Amino acid sequence: MRAIIIGGGIGGLTTALALHAAGIGAEVYESAAEVRPLGVGINLQPHAVRKLTELGLGEALAATGVATQEFRYANRFGQTIWTEPRGLAAGYHWPQYSIHRGRLQVLLWRETEARLGAARVQAGKRLVDFTQDAAGVTARFADGSTAQGDVLIAADGIHSAVRASFFPDEGAPKWNGALLWRATSMAPSFLTGASMVQAGHRDTKFVCYPIGTAPDGRSLVNWIAEQRFPADTPWSREDWNRPGRTEDFLPIFANWNFGWLDVPVLIRSAEAVYEFPMVDRDPLPWWTRGRVTLLGDAAHPMYPIGSNGASQAILDARWLALQLATRPNAEAALESYEAVRRPATAAVVEANRGDGPDRVMDIVHARAPDGFTDLDALVTRAELEATVMGYKRLAGFDPETLNRRESWSVAAAA
(Lines give C-alpha, C1' and ligand atoms only; values in the text may rest on other atoms or scores of the structure.)
Protein backbone atom coordinates (compact mmCIF):
# COMPACT_ATOMS: atom_id res chain seq x y z
CA MET A 1 0.00 0.00 0.00
CA ARG A 2 1.10 3.54 -0.74
CA ALA A 3 -0.28 6.70 0.87
CA ILE A 4 -0.24 10.25 -0.49
CA ILE A 5 -0.15 12.74 2.40
CA ILE A 6 -1.12 16.31 1.61
CA GLY A 7 0.42 18.67 4.18
CA GLY A 8 3.77 18.62 5.95
CA GLY A 9 2.62 19.91 9.32
CA ILE A 10 2.59 18.04 12.61
CA GLY A 11 -0.34 15.80 11.65
CA GLY A 12 0.90 14.95 8.16
CA LEU A 13 4.46 14.22 9.21
CA THR A 14 3.38 12.09 12.17
CA THR A 15 1.15 10.15 9.77
CA ALA A 16 4.11 9.50 7.49
CA LEU A 17 6.24 8.29 10.38
CA ALA A 18 3.45 6.09 11.73
CA LEU A 19 2.79 4.54 8.32
CA HIS A 20 6.51 3.94 7.78
CA ALA A 21 6.76 2.20 11.16
CA ALA A 22 3.87 -0.05 10.10
CA GLY A 23 5.54 -0.96 6.81
CA ILE A 24 3.29 1.21 4.64
CA GLY A 25 4.79 3.42 1.96
CA ALA A 26 4.07 7.14 2.26
CA GLU A 27 4.92 10.38 0.49
CA VAL A 28 4.43 13.87 1.93
CA TYR A 29 3.60 16.92 -0.20
CA GLU A 30 3.79 20.32 1.50
CA SER A 31 2.54 23.50 -0.22
CA ALA A 32 5.08 25.86 1.39
CA ALA A 33 8.26 26.30 -0.59
CA GLU A 34 10.39 25.87 2.52
CA VAL A 35 9.75 24.47 5.99
CA ARG A 36 11.09 26.86 8.62
CA PRO A 37 10.64 26.94 12.42
CA LEU A 38 7.77 29.44 12.39
CA GLY A 39 5.05 30.03 14.96
CA VAL A 40 5.14 30.01 18.73
CA GLY A 41 4.53 27.48 21.49
CA ILE A 42 2.12 24.58 21.81
CA ASN A 43 1.61 21.80 24.32
CA LEU A 44 1.79 18.08 23.66
CA GLN A 45 -0.38 16.20 26.13
CA PRO A 46 0.78 12.81 27.47
CA HIS A 47 -1.46 10.83 25.10
CA ALA A 48 0.27 12.47 22.11
CA VAL A 49 3.72 12.18 23.70
CA ARG A 50 3.06 8.46 24.13
CA LYS A 51 2.35 8.11 20.41
CA LEU A 52 5.51 10.00 19.42
CA THR A 53 7.61 8.12 21.97
CA GLU A 54 6.43 4.82 20.50
CA LEU A 55 7.69 6.13 17.16
CA GLY A 56 11.15 6.57 18.68
CA LEU A 57 11.01 10.32 19.23
CA GLY A 58 11.08 10.46 23.03
CA GLU A 59 14.68 11.66 23.37
CA ALA A 60 14.28 14.25 20.61
CA LEU A 61 11.17 15.69 22.29
CA ALA A 62 12.94 15.88 25.64
CA ALA A 63 15.81 17.77 24.02
CA THR A 64 13.50 20.19 22.19
CA GLY A 65 10.74 21.02 24.68
CA VAL A 66 10.18 21.62 28.38
CA ALA A 67 8.56 18.86 30.43
CA THR A 68 5.63 20.63 32.06
CA GLN A 69 5.47 20.04 35.82
CA GLU A 70 2.49 22.10 36.96
CA PHE A 71 -0.71 23.64 35.61
CA ARG A 72 -2.31 26.61 37.36
CA TYR A 73 -5.55 28.55 36.85
CA ALA A 74 -5.74 32.03 38.40
CA ASN A 75 -8.07 35.02 38.27
CA ARG A 76 -7.04 38.38 36.81
CA PHE A 77 -5.50 39.34 40.17
CA GLY A 78 -3.21 36.29 40.20
CA GLN A 79 -5.18 34.48 42.91
CA THR A 80 -4.93 30.73 42.44
CA ILE A 81 -8.14 28.91 41.52
CA TRP A 82 -6.76 25.48 40.69
CA THR A 83 -3.36 23.87 40.56
CA GLU A 84 -2.34 20.36 39.65
CA PRO A 85 0.79 18.41 38.67
CA ARG A 86 1.25 17.53 35.02
CA GLY A 87 3.01 14.81 33.06
CA LEU A 88 5.12 12.34 35.04
CA ALA A 89 4.43 14.31 38.22
CA ALA A 90 0.71 13.59 37.77
CA GLY A 91 1.21 9.83 37.48
CA TYR A 92 1.29 9.56 33.70
CA HIS A 93 3.78 7.16 32.16
CA TRP A 94 4.71 9.89 29.66
CA PRO A 95 5.55 13.59 30.07
CA GLN A 96 3.66 16.61 28.83
CA TYR A 97 5.85 18.92 26.74
CA SER A 98 5.62 22.64 26.11
CA ILE A 99 7.40 23.07 22.82
CA HIS A 100 7.92 25.52 19.96
CA ARG A 101 5.54 24.56 17.14
CA GLY A 102 8.03 25.37 14.39
CA ARG A 103 10.89 23.46 16.00
CA LEU A 104 8.64 20.44 16.44
CA GLN A 105 7.63 20.60 12.78
CA VAL A 106 11.26 20.83 11.67
CA LEU A 107 12.16 17.92 13.96
CA LEU A 108 9.40 15.80 12.41
CA TRP A 109 10.32 16.89 8.88
CA ARG A 110 13.96 15.92 9.30
CA GLU A 111 13.04 12.61 10.92
CA THR A 112 10.63 11.85 8.09
CA GLU A 113 13.33 12.62 5.52
CA ALA A 114 15.78 10.37 7.36
CA ARG A 115 13.39 7.42 7.61
CA LEU A 116 11.47 7.64 4.33
CA GLY A 117 14.14 9.30 2.19
CA ALA A 118 14.29 12.97 1.20
CA ALA A 119 12.64 12.29 -2.17
CA ARG A 120 9.44 11.24 -0.37
CA VAL A 121 9.09 14.52 1.52
CA GLN A 122 8.59 17.37 -0.90
CA ALA A 123 7.98 21.08 -0.36
CA GLY A 124 6.51 23.53 -2.88
CA LYS A 125 3.71 21.12 -3.84
CA ARG A 126 0.31 22.81 -3.72
CA LEU A 127 -2.56 20.43 -4.40
CA VAL A 128 -5.00 21.66 -7.03
CA ASP A 129 -7.03 18.53 -7.76
CA PHE A 130 -7.36 14.81 -7.21
CA THR A 131 -9.22 11.91 -8.77
CA GLN A 132 -9.85 8.38 -7.61
CA ASP A 133 -11.10 5.10 -9.02
CA ALA A 134 -11.03 1.42 -8.13
CA ALA A 135 -7.28 1.29 -8.76
CA GLY A 136 -6.19 4.23 -6.58
CA VAL A 137 -5.87 7.99 -6.23
CA THR A 138 -4.07 10.57 -8.35
CA ALA A 139 -3.09 13.96 -6.90
CA ARG A 140 -2.30 16.90 -9.17
CA PHE A 141 -0.15 19.82 -8.07
CA ALA A 142 0.14 23.43 -9.18
CA ASP A 143 3.57 22.83 -10.77
CA GLY A 144 2.02 20.27 -13.13
CA SER A 145 3.35 17.17 -11.37
CA THR A 146 1.23 14.27 -10.15
CA ALA A 147 1.40 11.55 -7.53
CA GLN A 148 -0.35 8.17 -7.43
CA GLY A 149 -1.24 6.09 -4.41
CA ASP A 150 -3.77 3.77 -2.84
CA VAL A 151 -5.09 6.42 -0.41
CA LEU A 152 -4.90 10.18 -0.08
CA ILE A 153 -4.73 11.66 3.42
CA ALA A 154 -5.52 15.38 3.59
CA ALA A 155 -3.59 16.94 6.47
CA ASP A 156 -3.58 20.35 4.82
CA GLY A 157 -4.92 22.45 7.68
CA ILE A 158 -7.90 24.63 8.41
CA HIS A 159 -7.99 25.87 4.78
CA SER A 160 -7.79 22.34 3.40
CA ALA A 161 -8.24 22.10 -0.36
CA VAL A 162 -9.57 18.57 0.00
CA ARG A 163 -12.12 19.57 2.61
CA ALA A 164 -13.21 22.44 0.36
CA SER A 165 -13.76 19.97 -2.48
CA PHE A 166 -15.87 17.79 -0.18
CA PHE A 167 -17.85 20.74 1.23
CA PRO A 168 -17.66 23.59 -1.32
CA ASP A 169 -20.36 25.65 0.38
CA GLU A 170 -18.84 25.58 3.87
CA GLY A 171 -17.34 29.05 3.73
CA ALA A 172 -14.76 30.68 5.98
CA PRO A 173 -13.80 29.44 9.46
CA LYS A 174 -16.05 30.59 12.31
CA TRP A 175 -14.71 33.36 14.52
CA ASN A 176 -15.84 33.46 18.15
CA GLY A 177 -14.99 37.15 18.71
CA ALA A 178 -11.66 36.57 20.46
CA LEU A 179 -8.32 37.87 19.22
CA LEU A 180 -5.10 36.25 20.35
CA TRP A 181 -1.75 38.02 20.48
CA ARG A 182 1.02 35.44 20.70
CA ALA A 183 4.74 35.84 21.28
CA THR A 184 7.79 34.54 23.12
CA SER A 185 9.87 36.52 25.62
CA MET A 186 13.02 35.85 27.61
CA ALA A 187 12.10 36.21 31.28
CA PRO A 188 12.99 34.98 34.76
CA SER A 189 11.55 31.59 35.64
CA PHE A 190 8.26 31.64 37.52
CA LEU A 191 6.62 29.22 39.97
CA THR A 192 8.18 25.74 39.43
CA GLY A 193 10.19 26.87 36.40
CA ALA A 194 8.10 24.47 34.31
CA SER A 195 4.60 25.75 35.09
CA MET A 196 1.79 26.51 32.68
CA VAL A 197 -0.46 29.35 33.80
CA GLN A 198 -3.84 30.57 32.62
CA ALA A 199 -5.21 33.70 34.27
CA GLY A 200 -8.38 35.75 33.80
CA HIS A 201 -11.69 34.56 32.37
CA ARG A 202 -13.47 33.93 29.08
CA ASP A 203 -13.39 37.54 27.83
CA THR A 204 -9.88 38.51 28.94
CA LYS A 205 -7.22 35.87 29.43
CA PHE A 206 -3.45 35.49 29.66
CA VAL A 207 -1.66 32.18 29.13
CA CYS A 208 2.06 31.52 29.51
CA TYR A 209 4.53 28.66 29.84
CA PRO A 210 8.26 28.12 29.22
CA ILE A 211 9.33 26.34 26.04
CA GLY A 212 13.10 26.59 26.55
CA THR A 213 15.88 27.81 28.81
CA ALA A 214 18.86 30.11 28.27
CA PRO A 215 22.41 29.59 29.60
CA ASP A 216 21.84 32.42 32.11
CA GLY A 217 18.94 30.50 33.68
CA ARG A 218 16.15 32.59 32.22
CA SER A 219 13.27 30.94 30.40
CA LEU A 220 11.99 31.40 26.87
CA VAL A 221 8.35 31.96 27.74
CA ASN A 222 5.53 31.47 25.27
CA TRP A 223 2.56 33.70 26.03
CA ILE A 224 -0.89 34.42 24.68
CA ALA A 225 -2.96 37.52 25.45
CA GLU A 226 -6.62 37.07 24.59
CA GLN A 227 -9.45 39.60 24.37
CA ARG A 228 -13.00 39.04 23.18
CA PHE A 229 -14.74 41.59 20.93
CA PRO A 230 -18.28 41.91 19.52
CA ALA A 231 -18.90 39.13 17.02
CA ASP A 232 -19.47 41.58 14.16
CA THR A 233 -15.97 43.11 14.51
CA PRO A 234 -14.08 42.70 11.19
CA TRP A 235 -11.15 40.29 11.15
CA SER A 236 -8.60 39.16 8.60
CA ARG A 237 -7.85 35.63 7.48
CA GLU A 238 -5.94 33.93 10.27
CA ASP A 239 -2.22 33.58 9.79
CA TRP A 240 0.26 32.36 12.38
CA ASN A 241 2.76 34.93 11.17
CA ARG A 242 0.68 38.12 10.89
CA PRO A 243 2.37 40.87 12.95
CA GLY A 244 0.49 42.30 15.92
CA ARG A 245 0.93 45.56 17.83
CA THR A 246 1.43 45.62 21.61
CA GLU A 247 -0.36 48.97 21.86
CA ASP A 248 -3.57 47.23 20.79
CA PHE A 249 -3.68 45.05 23.90
CA LEU A 250 -1.02 46.02 26.46
CA PRO A 251 -3.34 48.56 28.17
CA ILE A 252 -5.80 45.72 28.91
CA PHE A 253 -3.13 43.90 30.94
CA ALA A 254 -1.29 46.94 32.32
CA ASN A 255 -2.07 46.08 35.98
CA TRP A 256 -1.59 42.31 35.77
CA ASN A 257 1.45 42.07 38.03
CA PHE A 258 0.95 39.07 40.30
CA GLY A 259 4.27 39.24 42.12
CA TRP A 260 5.23 35.81 40.87
CA LEU A 261 4.52 36.90 37.28
CA ASP A 262 4.71 40.40 35.76
CA VAL A 263 2.50 40.25 32.67
CA PRO A 264 3.21 43.79 31.32
CA VAL A 265 6.98 43.24 31.53
CA LEU A 266 6.60 39.90 29.75
CA ILE A 267 4.61 41.56 26.96
CA ARG A 268 7.09 44.42 26.56
CA SER A 269 9.98 41.93 26.36
CA ALA A 270 8.70 40.24 23.22
CA GLU A 271 10.83 40.53 20.09
CA ALA A 272 7.80 40.07 17.81
CA VAL A 273 4.07 39.68 18.40
CA TYR A 274 1.65 37.80 16.16
CA GLU A 275 -2.10 38.36 15.96
CA PHE A 276 -4.53 35.53 15.37
CA PRO A 277 -8.34 35.41 15.54
CA MET A 278 -9.69 32.40 17.42
CA VAL A 279 -11.51 30.34 14.82
CA ASP A 280 -12.73 26.81 14.25
CA ARG A 281 -15.15 24.98 11.97
CA ASP A 282 -18.30 22.99 12.65
CA PRO A 283 -17.81 19.23 13.03
CA LEU A 284 -18.43 17.45 9.74
CA PRO A 285 -21.00 14.72 9.01
CA TRP A 286 -18.25 12.68 7.31
CA TRP A 287 -14.52 12.84 6.53
CA THR A 288 -14.04 10.06 4.01
CA ARG A 289 -15.01 9.42 0.41
CA GLY A 290 -13.64 6.18 -1.00
CA ARG A 291 -9.85 6.31 -0.79
CA VAL A 292 -9.61 9.92 0.46
CA THR A 293 -9.92 11.16 4.04
CA LEU A 294 -9.19 14.17 6.26
CA LEU A 295 -6.85 14.41 9.25
CA GLY A 296 -5.89 16.99 11.88
CA ASP A 297 -6.98 20.59 11.34
CA ALA A 298 -8.36 19.67 7.92
CA ALA A 299 -10.83 17.40 9.71
CA HIS A 300 -11.45 19.09 13.05
CA PRO A 301 -9.97 22.57 13.54
CA MET A 302 -10.63 23.61 17.13
CA TYR A 303 -10.13 26.53 19.47
CA PRO A 304 -6.74 26.42 21.26
CA ILE A 305 -8.38 25.59 24.57
CA GLY A 306 -7.26 22.61 26.62
CA SER A 307 -4.00 22.39 24.63
CA ASN A 308 -5.35 19.71 22.32
CA GLY A 309 -5.13 20.71 18.65
CA ALA A 310 -1.76 19.19 17.77
CA SER A 311 -2.28 16.31 20.17
CA GLN A 312 -5.52 15.28 18.48
CA ALA A 313 -3.81 15.34 15.07
CA ILE A 314 -1.12 13.00 16.40
CA LEU A 315 -3.80 10.65 17.71
CA ASP A 316 -5.48 10.73 14.28
CA ALA A 317 -2.20 9.75 12.64
CA ARG A 318 -1.48 6.80 14.88
CA TRP A 319 -5.01 5.39 14.75
CA LEU A 320 -5.14 5.76 10.97
CA ALA A 321 -1.83 3.93 10.54
CA LEU A 322 -3.09 1.08 12.71
CA GLN A 323 -6.25 0.75 10.62
CA LEU A 324 -4.39 0.83 7.30
CA ALA A 325 -2.04 -1.86 8.57
CA THR A 326 -4.70 -4.21 9.95
CA ARG A 327 -7.89 -3.81 7.90
CA PRO A 328 -8.53 -5.89 4.76
CA ASN A 329 -8.47 -2.97 2.31
CA ALA A 330 -7.98 0.78 2.09
CA GLU A 331 -11.67 1.69 2.09
CA ALA A 332 -12.38 -0.41 5.18
CA ALA A 333 -9.39 1.11 6.96
CA LEU A 334 -10.50 4.68 6.31
CA GLU A 335 -14.05 3.88 7.43
CA SER A 336 -12.72 2.37 10.67
CA TYR A 337 -10.45 5.37 11.22
CA GLU A 338 -13.32 7.82 10.82
CA ALA A 339 -15.71 5.77 12.94
CA VAL A 340 -13.48 6.27 15.98
CA ARG A 341 -11.77 9.61 15.43
CA ARG A 342 -14.59 11.72 13.99
CA PRO A 343 -16.95 11.47 17.02
CA ALA A 344 -14.03 11.73 19.45
CA THR A 345 -12.72 14.95 17.94
CA ALA A 346 -16.19 16.44 17.41
CA ALA A 347 -16.72 16.15 21.15
CA VAL A 348 -13.49 18.05 21.80
CA VAL A 349 -14.43 20.79 19.31
CA GLU A 350 -17.75 21.29 21.08
CA ALA A 351 -16.17 21.19 24.55
CA ASN A 352 -13.63 23.82 23.51
CA ARG A 353 -16.44 26.06 22.30
CA GLY A 354 -17.77 25.89 25.83
CA ASP A 355 -14.32 26.85 27.19
CA GLY A 356 -13.42 23.27 28.12
CA PRO A 357 -11.50 23.08 31.40
CA ASP A 358 -11.03 26.88 31.34
CA ARG A 359 -14.58 27.15 32.68
CA VAL A 360 -13.14 27.00 36.19
CA MET A 361 -11.93 30.58 35.66
CA ASP A 362 -15.34 31.65 34.36
CA ILE A 363 -17.09 30.12 37.37
CA VAL A 364 -14.94 32.05 39.83
CA HIS A 365 -15.08 35.30 37.83
CA ALA A 366 -18.88 35.15 37.71
CA ARG A 367 -19.08 34.73 41.49
CA ALA A 368 -16.22 37.06 42.48
CA PRO A 369 -15.29 39.46 39.65
CA ASP A 370 -13.31 41.67 42.05
CA GLY A 371 -11.32 38.86 43.62
CA PHE A 372 -11.90 36.68 46.66
CA THR A 373 -10.68 36.10 50.18
CA ASP A 374 -12.02 32.55 50.56
CA LEU A 375 -12.09 30.38 47.44
CA ASP A 376 -13.84 27.53 49.26
CA ALA A 377 -16.77 29.82 49.98
CA LEU A 378 -17.21 30.41 46.23
CA VAL A 379 -16.76 26.98 44.76
CA THR A 380 -16.06 23.48 46.02
CA ARG A 381 -13.01 21.55 44.94
CA ALA A 382 -15.37 18.84 43.71
CA GLU A 383 -16.97 21.29 41.26
CA LEU A 384 -13.58 22.41 39.96
CA GLU A 385 -12.29 18.86 39.74
CA ALA A 386 -15.35 17.68 37.83
CA THR A 387 -14.74 20.39 35.21
CA VAL A 388 -11.03 19.69 34.80
CA MET A 389 -11.14 15.89 34.96
CA GLY A 390 -14.26 15.67 32.82
CA TYR A 391 -12.39 17.38 29.99
CA LYS A 392 -9.40 15.06 30.35
CA ARG A 393 -11.65 12.02 30.05
CA LEU A 394 -13.44 13.47 27.03
CA ALA A 395 -10.16 14.34 25.27
CA GLY A 396 -8.62 10.95 26.07
CA PHE A 397 -5.86 11.82 28.48
CA ASP A 398 -7.01 11.14 32.02
CA PRO A 399 -4.08 9.28 33.64
CA GLU A 400 -5.74 5.99 34.55
CA THR A 401 -7.31 5.41 31.14
CA LEU A 402 -4.23 6.44 29.17
CA ASN A 403 -1.78 4.40 31.24
CA ARG A 404 -3.73 1.17 30.79
CA ARG A 405 -4.75 1.68 27.15
CA GLU A 406 -3.23 -0.74 24.66
CA SER A 407 -0.60 0.63 22.32
CA TRP A 408 -1.64 1.64 18.80
CA SER A 409 1.70 0.49 17.46
CA VAL A 410 1.90 -2.12 14.73
CA ALA A 411 5.18 -3.69 13.70
CA ALA A 412 6.18 -3.71 10.05
CA ALA A 413 6.17 -7.13 8.43
CA ALA A 414 9.57 -8.79 8.26
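First, a word on scope: everything that follows refers to the structure included in this document. All values derive from a computational prediction rather than experimental measurement. (Residues numbered from 1 in each chain as written. Predicted model: local features only at pLDDT ≥ 70, side-chain atom pairs only at ≥ 80, totals over all residues. Heavy atoms only, no water.)

### Side note on the overall build of the protein chain
Part 1 of the reasoning: Along the protein chain, the regular secondary structure elements total 12 helices and 18 strands.
Part 2 of the reasoning: Its C-alpha atoms give the protein chain a radius of gyration of 21 Å, near enough to 22 Å, the size a compact globule of 414 residues would have.
Part 3 of the reasoning: Counting the 414 residues in the protein chain, one finds 56% classified as buried.
Part 4 of the reasoning: On the protein chain, roughly 16,500 Å² of surface is accessible, and the fraction owed to carbon and sulfur atoms is 50%.
Part 5 of the reasoning: Charge centroids of the protein chain, computed over 41 positive and 46 negative side chains, lie 2 Å from each other. (Helix = DSSP H or I, 4+ residues; strand = E, 2+ residues; numbered from the N terminus. Rg over C-alpha atoms; globule rule 2.2 N^0.38 Å. Buried < 20%, exposed > 50% of the residue type's maximum accessible area, 1.4 Å probe, protein only. Areas by Shrake-Rupley, 256 points an atom, 1.4 Å probe, with all protein chains shown as cover. Lys, Arg positive; Asp, Glu negative; His and termini not counted. Charge placed at Lys NZ, Arg CZ, Asp CG, Glu CD.)

### Thoughts on the packing of aromatic side chains
Part 1 of the reasoning: Throughout the structure, instances matching the rule amount to 15 aromatic pairs.
Part 2 of the reasoning: A ring pair is formed by W287 and Y337, whose centres lie 5.6 Å apart and whose planes are at 50 degrees; its orientation type is tilted. Here Y337 lies in helix α8 (residues 330–353) and W287 lies in the loop between β17 (273–280) and β18 (292–294), a separation of 50 residues in the sequence.
Part 3 of the reasoning: In textbook terms, an aromatic cluster arises when at least three aromatic residues are bridged by ring pairs, as seen for W181, F206, W223, F229, F249, F253, W256, F258 and W260.
Part 4 of the reasoning: Directly above the aromatic system of W286 lies the positively charged group of R289, at a separation of 3.5 Å from the ring centroid. (Phe/Tyr/Trp six-rings, centres within 6.5 Å; stacked < 30°, edge-to-face > 60°. Lys NZ or Arg CZ within 6 Å of the ring centre and 35° of its normal.)

### A short note on the sheet that holds β17
Part 1 of the reasoning: The 7 strands lie next to each other as β6-β5-β14-β15-β16-β13-β17, forming an open sheet whose pairing is mixed. Edge positions in the sheet fall to β6 (80–85) and β17, since each has one partner strand and no second. Taken over all neighbouring pairs, the strand axes of this sheet differ in orientation by 20 degrees on average, direction set aside.
Part 2 of the reasoning: Pairing of strand β5 (residues 70–74) with β6, which is carried by 5 bridges, proceeds in the antiparallel orientation. Bridging from a neighbouring strand, Y73 pairs with W82 of β6.
Part 3 of the reasoning: Sheet strands in contact with helix α11 (residues 381–395) are β5 and β6, and its direction is about 50 degrees off that of β6. (Pairing = 2+ DSSP bridges. Axes fitted to C-alpha atoms, helices over the stretch in contact; angles between N-to-C directions. Contact = heavy atoms within 4.5 Å.)

### Some remarks on unusual backbone geometry
Part 1 of the reasoning: Phi is positive for L191, close to 50 degrees, though the residue is something other than glycine.
Part 2 of the reasoning: Looking at the element boundaries, L191 is found in the loop between β13 (174–187) and β14 (195–200).
Part 3 of the reasoning: Of note, the phi angle at D355 is positive, near 80 degrees, even though the residue is not glycine.
Part 4 of the reasoning: Looking at the secondary structure, you find D355 in the loop between α8 and α9 (359–367).

### With respect to the environment of G11
Part 1 of the reasoning: Relative to the assigned elements, G11 resides in helix α1 (residues 10–21).
Part 2 of the reasoning: Sequence separation of G11 and G171 is 160 residues, and the distance between their C-alpha atoms is 23 Å.
Part 3 of the reasoning: Aside from chain neighbours lying at most four places away, what touches G11 is A155, L295, A313 and A317.

### A closer look at the sheet that holds strand β9 (residues 127–133)
Part 1 of the reasoning: One open sheet accounts for 3 strands, arranged β9-β10-β11; its pairing is antiparallel. Looking along the sheet, the strands with just one partner apiece sit at the ends: β9 and β11 (146–149). Taken pair by pair, the neighbouring strands of this sheet meet at an average axis angle of 15 degrees, ignoring direction.
Part 2 of the reasoning: Across 4 bridges, strand β10 (residues 136–141) lies against β11 in antiparallel orientation. The partner of R140 across the bridge, within β11, is T146.

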